[in-house]
Amino acid sequence: MAELVFFSGTMDCGKSTLALQMDHNHAARGRQGIILTRNDRAGAATISSRLGLRANAVEVTDDFDFHTHVVHLLSAGGRVDYLICDEAQFFAAEQVDQLARVVDELEIDVYTFGITTDFRTRLFPGSQRLIELADRVEVLQVEALCWCGARATHNARTVGGVMVVEGAQVVVGDISVNEDEVGYEVLCRRHHRRRLTSATSGASVLSPDVLPFEEQQA
Ligand SMILES: Nc1ncnc2c1ncn2[C@@H]1O[C@H](COP(=O)(O)OP(=O)(O)O)[C@@H](O)[C@H]1O
Ligand SMILES: Cc1cn([C@H]2C[C@H](O)[C@@H](COP(=O)(O)O)O2)c(=O)[nH]c1=O
């Protein structure tokens, strides 16, 4: 039976990498899929992962209808076995309903990938509807880490390294940015609540370099 699956996690936990791996594995077995995304950092109609993988994708816009898109392809004699949908947090709730119709009425697997909550810890509309409708919600096993070493569970928005809590829900961006740019940092809940980022905590990046070391004798 076809499934609607939501692979979720924080930013930078490997969602786009997994999306591209899943496409590769299904395609390698002769299945035909469509990759779709919305507002990828790398630009329109592209899916990109920080590991360097990248592929062309269908760009989902406000008026895009997933069910109509797939029906048109099938009516034109095309074959569709699965959909890979990245940045699904940006989809409208109605678009997630369309994805459920694709699964139930057209018997096509739909694999979606996205972050659940925004920089204010509120669910994105697309993620909320996916949690409500998905057959399965899978939390990615690769743990993104807070600066303190705990598992990162929340996404913070930063300006110059300082966490901000005002602003539009959608601001496309990355985790490693220049000092004065809007960026993101993944944090554990404790540090998200206290608005403590790596910059404002005074912590160095977690690496062996921060461990005690013996001074070299001259
Ligand atoms: N230089 C690197 N070497 C090994 N793994 C890396 C490197 N850069 C990024 N990664 C891995 O890629 C993950 C981010 O993958 P990506 O698919 O872009 O995440 P997401 O889509 O969830 O934001 C990181 O959590 C890390 O595991
Ligand atoms: C927390 C948060 C994130 N975003 C944006 C920033 C990125 O462009 C994407 C997440 O991409 P990733 O592949 O999971 O790293 O979402 C946003 O617009 N608003 C937010 O609150």
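Computed from a predicted structure; not experimentally measured. (Residues numbered from 1 in each chain as written. Chains lettered and ligands numbered in written order. Predicted model: local features only at pLDDT ≥ 70, side-chain atom pairs only at ≥ 80, totals over all residues. Heavy atoms only, no water.)

**What to know about unusual backbone geometry**
Next up, step 1: Its identity as a non-glycine residue notwithstanding, Ala-45 has a phi of 55°, on the positive side.
Next up, step 2: Considering the arrangement of structural elements, one finds Ala-45 in the loop between strand 2 (33–37) and strand 3 (46–48).
Next up, step 3: The class for Ala-45 is partly exposed, based on a relative accessible area of 30%.
Next up, step 4: With a phi angle near 55°, Glu-87 is a residue other than glycine that sits in the positive phi range.
Next up, step 5: Among the structural elements, Glu-87 can be located in the loop between strand 6 (82–85) and helix 3 (93–106). (Helix = DSSP H or I, 4+ residues; strand = E, 2+ residues; numbered from the N terminus. Buried < 20%, exposed > 50% of the residue type's maximum accessible area, 1.4 Å probe, protein only.)

**Describing the domain arrangement of the protein chain**
Next up, step 1: For the protein chain, the assigned domains are domain 1 (4–139) and domain 2 (154–200).
Next up, step 2: On a C-alpha basis, the centres of domain 1 and domain 2 stand 25 Å from each other.
Next up, step 3: Facing the 17 residues of domain 1 at the interface are 18 residues of domain 2.
Next up, step 4: Taken over both partners, the interface formed by domain 1 and domain 2 buries close to 1,500 Å², and the fraction arising from carbon and sulfur atoms is 61%.
Next up, step 5: Three residues, Met-11, Phe-119 and Arg-120, lead the burial of domain 1 against domain 2; their summed loss comes to 45% of the area buried on that side.
Next up, step 6: Linking domain 1 with domain 2 are two salt bridges.
Next up, step 7: Asp-174 serves as the salt-bridge partner of Arg-50, at 2.9 Å between the closest nitrogen and oxygen. (Domains from an automatic or database assignment. Contact = heavy atoms within 4.5 Å. Buried area = accessible area lost by both parts, 1.4 Å probe. Salt bridge = Lys/Arg side-chain N within 4 Å of Asp/Glu carboxyl O.)

**Re the packing of aromatic side chains**
Next up, step 1: The full count for this structure, using the stated rule, is four aromatic pairs.
Next up, step 2: Ring geometry for Phe-7 against Phe-113: centres 5.0 Å apart, planes inclined by 15°, an arrangement best described as stacked. You can see Phe-7 sitting in strand 1 (residues 4–9) and its partner Phe-113 sitting in strand 7 (residues 109–115), a full 106 residues away along the chain. This pair shows no difference in class: Phe-7 is buried, exactly as Phe-113 is.
Next up, step 3: Seen in terms of ring centroids, Phe-90 and Phe-124 are 5.9 Å apart; in terms of plane orientation they differ by 85°. Their pairing is edge-to-face. Here Phe-90, found in the loop between strand 6 and helix 3, pairs with Phe-124, found in the loop between strand 7 and helix 4 (125–133); they are 34 residues apart in sequence, far enough to count as distant.
Next up, step 4: Relative accessible area serves as the criterion here: at 16%, Phe-90 is assigned to the buried category.
Next up, step 5: Classification of Phe-124 by relative accessible area gives buried; the value is 4%. (Phe/Tyr/Trp six-rings, centres within 6.5 Å; stacked < 30°, edge-to-face > 60°.)

**A closer look at the site of ligand 1**
Next up, step 1: In the vicinity of ligand 1, the residues found are Met-11, Asp-12, Cys-13, Gly-14, Lys-15, Ser-16, Thr-17, Ser-49, Arg-50 and Leu-51.
Next up, step 2: At 2.6 Å from an oxygen atom of ligand 1 is found a side-chain nitrogen or oxygen belonging to Arg-50.
Next up, step 3: Grouping the constituent residues of the shell around ligand 1 by class yields three nonpolar, four polar and three charged. (Near = heavy atom within 4 Å. Polar contact = N/O pair within 3.5 Å; in protein donor to acceptor, adjacent residues only side chain to side chain. Nonpolar A, V, L, I, M, F, W, Y, C, P; charged D, E, K, R; others polar.)

**Considerations on the nonpolar core**
Next up, step 1: Ranked by internal contacts, the top residues of the largest apolar core, which has 23 residues, are Phe-66 and Leu-83.
Next up, step 2: For this core, the element with the highest residue contribution is helix 3, accounting for five residues.
Next up, step 3: In contact with Phe-66, not counting residues within four places along its chain, are Leu-36, Val-60, Leu-83, Cys-85, Phe-91, Gln-95, Gln-98, Leu-99 and Val-102.
Next up, step 4: By size, the runner-up hydrophobic cluster in this structure holds 22 residues, among which are Met-11, Ile-35, Phe-90 and Leu-140. (Core = buried A, V, L, I, M, F, W, Y, C linked by side-chain atoms within 4.5 Å.)

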